[in-house]
Amino acid sequence: MAHASRNSREQLRAHGGLDVYLSLLDDMVWSVTALDSIAVCLAHDNDNHKVEQALLKKDAVQRLVKFFQCCPEQQFVHILEPFLKIITKSSRINTTLAVNGLTPLLIARLDHQDAIARLNLLKLIKVKFATPYCPVLTFTSALRNYKL
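Calculation criteria
- Residues numbered from 1 in each chain as written.
- Predicted model: local features only at pLDDT ≥ 70, side-chain atom pairs only at ≥ 80, totals over all residues.
- Heavy atoms only, no water.
- Core = buried A, V, L, I, M, F, W, Y, C linked by side-chain atoms within 4.5 Å.
- Buried < 20%, exposed > 50% of the residue type's maximum accessible area, 1.4 Å probe, protein only.
- Helix = DSSP H or I, 4+ residues; strand = E, 2+ residues; numbered from the N terminus.
- Contact = heavy atoms within 4.5 Å.
- Phe/Tyr/Trp six-rings, centres within 6.5 Å; stacked < 30°, edge-to-face > 60°.

S.K.: Report on the nonpolar core, specifying residues and quantitative values.
M.R.: Core analysis: the largest hydrophobic core is formed by 38 residues, its most contacted members being Leu55, Phe68, Ile79 and Phe83. Contributions of two or more residues to this core are made by helix 2 (17-23), helix 3 (31-43), helix 4 (50-55), helix 5 (58-70), helix 6 (73-89), helix 7 (91-108) and helix 8 (115-130). Among the elements that take part in this core, helix 6 stands out by supplying seven residues, more than any other. Discounting chain neighbours no more than four positions away, the residues touching Ile79 are Val32, Leu35, Phe67, Phe68 and Cys71.

Structure follows, in structure tokens:
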């Protein structure tokens, strides 16, 4: 429904659709589709920033970071593009996710066996640190911890 139209996204927002998508991150069957739908809703959240505001709430941030951390290996490659869409669209979400633990998780996965996954991880890291509000100390300590 998030991909359908502006009206359907407005109806989703009005009736708690974003919360449903966030809860579906715990469901292995629907998690990748739910994350992609969240990214689409954010991408079309032009002027009113209501989706962005909802994703900046502590519970939503924790769900997104936990989902990235606990994502099963067979789905991991498929979540990177939606995460890239999310952090590219909103520098505030980008910074909030970085401060709440996403940065070390990105760096820790750089040894992934799939070349496309490594490329997308590097894109995520690049976007993460291109933000003016980038937590440099988090980046430096993550590099030191992972001996990169």
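S.K.: Now, about the packing of aromatic side chains: what can you tell me, with residues and values included?
M.R.: Per the stated rule, a full pass over the model turns up two aromatic pairs. With centroids separated by 5.4 Å and ring planes inclined at 70 degrees, the aromatic side chains of Phe68 and Phe76 adopt a geometry described as edge-to-face. You can call Phe68 buried: its relative accessible area is 1%. Phe76 sits in the buried class, given a relative accessible area of 0%. For the pair Phe68 and Phe83, a centre-to-centre distance of 5.3 Å together with 90 degrees between the ring planes defines the contact as edge-to-face. Placement of the pair is Phe68 in helix 5 and Phe83 in helix 6, with a sequence separation of 15 residues.

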